[in-house]
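If you want the building blocks of each chain, they are given just below.
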Amino acid sequence: MPIHDQSYRHYTGERALHRRGWWVIARNGMLARLRERRFLGLLLFAWSPFALHAVQLYIGATIVRAAFFGASEETFHTFLAQQRLFVFFITIYVGAGLIASDRQSNALQLYLSKPITRNAYIVGKLLTLAVFLAAVTWVPAMLLLVLQILFSGSLDFVLDHPRLVPAITLAAALQVTLAAVTMVALSSLSSSRRFAAMLYAGVVIFAGLLATVLEAVTHNGAWVLISPQNTLLFINTAIFNGPPDNLALLGSAGAALILLLVASAVILERRVRAVDVVA
Amino acid sequence: MNEPAVVLDGVSVHYGRHQALRDITATLPTGAIGLLGPNGAGKSTLIKTLLGLVAPSSGRMRVLGYDVRESPLDVRARVGYMPESDAHIPGMTAVAFVAYCGELAGLPPASAMQRAHEVLFYVGLGEARYRNVETYSTGMKQRIKLAQALVHDPDLLFLDEPTNGMDPKGRDEMLALVRDIATAKAITLIFSSHLLPDVEFACDHVLVLHRGALAAQGPIATLKGTSARVFELRVKGATPSFIDALRGAGVDCDGEPVELMRVYMPENHRAQVLFQIASQHGVQIRHLRASVPSLEDVFARALGEPLEVAADRQV
């Protein structure tokens, strides 16, 4: 007789309420990425601008009290704008396969045969990507602010710029939400993570280039609206620097982003199903 | 008396214009239930509807006492589903995959991992549990699908074509597992298959679907019609009036008279009745042999087709 019976036994332990499926999915997705050395390298590299800005703030606060080294709202705006490159790479690295890989391996019917709703599945996948994106945008930006307080030895900077914390949070939230929702929706369109990655890269790069060229040729700022990234940049500038002269364009930019998020939600609603109905 | 595992009340399902299930009303008891039907009969659709993955266009369903429309998550927390197609979560070892499925079903992480090890040993993958699922053979993938369906110890198990693609030895082992789950482990299971011998081996009850409609249901022993005596009959000079006369005398029959016909004699009739009716209609009986009814007969009768055609449909 074996010391421990390894055959099937009925389970008598605890069962969780089925309301934390989204967290199980998100945690598993995050741990899976964190086990990859390449991804850890990418995350570390994404923090290199933070290190440079930290040095800049240190010098500005302790050695050379020059405007160039000093902290301002623009420092944080610039930092978040610089992080767009890493947001792009991390979005593709983590997000392209989030749903595409599940579609390729028929995993959707496994997920949805468990006590998990489609919304919980989507939230779990979104959170997987959003946490990493927040880790290279909002988290280092807030840490920079903490460092500024520590280096200067007072809260004066934060008290002088009361809009800064909400501005960083709002700008980072927009950046993270837009990238995560768009990527996850595009990932649900295909069963190939490469195709999903190419779709996202195409949308970001092609639309960005086109908007920049058309804006330069026609001298019409409205072309910014055809590129989600340029639109986001435009809105983030308004968040940090105050409303632009062209308020109508700001309203249109906000509407364009909302439209993109709604379109992504519609795609996810139609594509995340356990049964594909083709009739 | 035990509460029925599944109650279907006038369930219809449409995929666009195509009607996949037509007004199914049935009560499935606990135990091992075979879901039979040719390809496209609606077996997988019925399972997905019971899981709440497909919304019926009409009708109501109860699974383990829960209304599927109102409490789909409660249903899914208590059932396990082994899909027909190859399905796994990419990039995972078998034990991580099964433990993850356990967590998704509501088990705490430590319990899910312990259960994953136990269940993988039970389905015969104990030695291969640290291998990536993507490197598994077809037979191993079938076993891992069974393991993920069992990990949270469901009360009801849906098995959709569990022996597909398995070699004869693997198929026998899978059927033995299925039989053990239903009998020794007392888990109710619904076994969908178009392979009659598999269902006959593993199940006590069957539900036969044909073109989305319910063709027959009940205990296999009852459906086989053990109270009637069955004969194989081949005749020459058959006329429709001969068949009508047989049926008029209470003798049910299927198949083609010129080929091989199966006749079902009521208990109070003797085989001589056949000769009497044949004589009255100028028909020669060329072959008459007592036959043991099989699930194949049930299937053929339910589908209203000659035996040969029904048998061809299985393959």
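This one's a predicted model, so the numbers in the text were calculated from it and none came from an experiment. For every chain, the first residue of the written sequence is number 1, and numbering continues from 1 along that sequence. To label them, take the chains in the order written and letter them from A, then take the ligands in the order written and number them from 1. pLDDT decides what is reported in this predicted model: residues at 70 or higher carry local features, side-chain atom pairs at 80 or more are listed and counted, and totals for whole chains, interfaces and linings draw on all residues regardless.

Now for the sheet that holds strand β5 (residues 66-67) of chain B. Residue and element names in this part refer to chain B. Taken together, 4 strands build an open sheet; the order of strands is β2-β1-β4-β5 and the sheet is antiparallel. Here the strands that pair on one side only, and so sit at the sheet edges, are β2 (18-28) and β5. Paired strands are those between which DSSP finds at least two bridges. Helix and strand labels come from DSSP, where a helix needs a run of H or I of at least four residues and a strand needs a run of E of at least two; each type is numbered from the N terminus. Looking at chain direction, strand β1 (residues 6-15) and strand β4 (residues 58-63) are connected through 5 bridges and run antiparallel. What sits directly across from L8, in β4, is M61.

Facing 38 residues of chain B, the contacting portion of chain A comprises 31 residues. Sorting the residues of the side of chain B that touches chain A by element identifies α2 (72-78), α3 (94-104) and α4 (109-122) of chain B as the ones contributing at least two each. The dominant element in the side of chain B that touches chain A, judged by the number of residues it contributes, is α4 of chain B, at 6 residues. Amino acids are sorted into nonpolar (Ala, Val, Leu, Ile, Met, Phe, Trp, Tyr, Cys and Pro), charged (Asp, Glu, Lys and Arg) and polar (every other residue, Gly among them). Here the residues of the side of chain B that touches chain A are counted per class, giving 20 nonpolar, 9 polar and 9 charged. In this description, a residue-residue contact is defined by the distance between C-beta atoms placed from the backbone, which must lie within 7 Å.

A few words now on the sheet that holds strand β3 (residues 32-36) of chain B. All names here are of chain B. Strand order in the open sheet formed by 6 strands is β6-β7-β8-β3-β9-β10, with mixed pairing between adjacent strands. Lying at the two open borders of the sheet, with one neighbouring strand each, are β6 (79-82) and β10 (213-219). With strand direction ignored, the average angle separating the axes of adjacent strands in the sheet is 15°. Looking at chain direction, β6 and strand β7 (residues 156-160) are connected through 4 bridges and run parallel. For every element, the axis is a line fit to its C-alpha atoms; helices are fit only across the contacting stretch, and the angle between N-to-C directions ranges from 0 to 180 degrees.

Here the focus is the pairing of β7 of chain B. Residues and elements named next belong to chain B. Three exposure classes are used. Buried residues have 20 or more other C-beta atoms within 10 Å of their own C-beta, exposed residues have 12 or fewer, and partly exposed residues fall in between, all C-beta atoms being placed from the backbone. For β7, a buried count of 5 out of 5 residues is recorded, marking the element as mostly surrounded by other parts of the structure. Neither face of β7 is left uncovered, since the one carrying L156, F158 and D160 and the one carrying L157 and L159 both have all their residues buried. As paired elements, β7 and strand β8 (residues 188-193) share 5 bridges and run parallel to each other. In the strand pairing of β8, L156 is matched with T188.

A few words now on the domain arrangement of chain B. Throughout the structure description, domain borders are defined by an automatic or database domain assignment. Partitioning chain B into structural domains gives domain 1 (6-218) and domain 2 (229-292). Using only C-alpha atoms to locate each centre, domain 1 of chain B and domain 2 of chain B end up separated by 41 Å.

Residue and element names in this part refer to chain B. The backbone of L64 shows a phi angle near 55°, a positive value even though the residue is not glycine. Mapping L64 onto the fold places it in the loop between β4 and β5. Positive phi, close to 50°, is recorded for E161, a residue that is not glycine. Owing to 21 C-beta atoms within 10 Å, E161 belongs among the buried residues under this scheme.

A separate point is the environment of R289 of chain B. All names here are of chain B. Locating R289 in the fold gives a position in strand β14 (residues 284-291). A sequence separation of 130 residues divides R289 from L159, and the C-alpha atoms of the two residues are 37 Å apart. Those residues in contact with R289 that lie beyond four places of it in its chain are F231 and E232.

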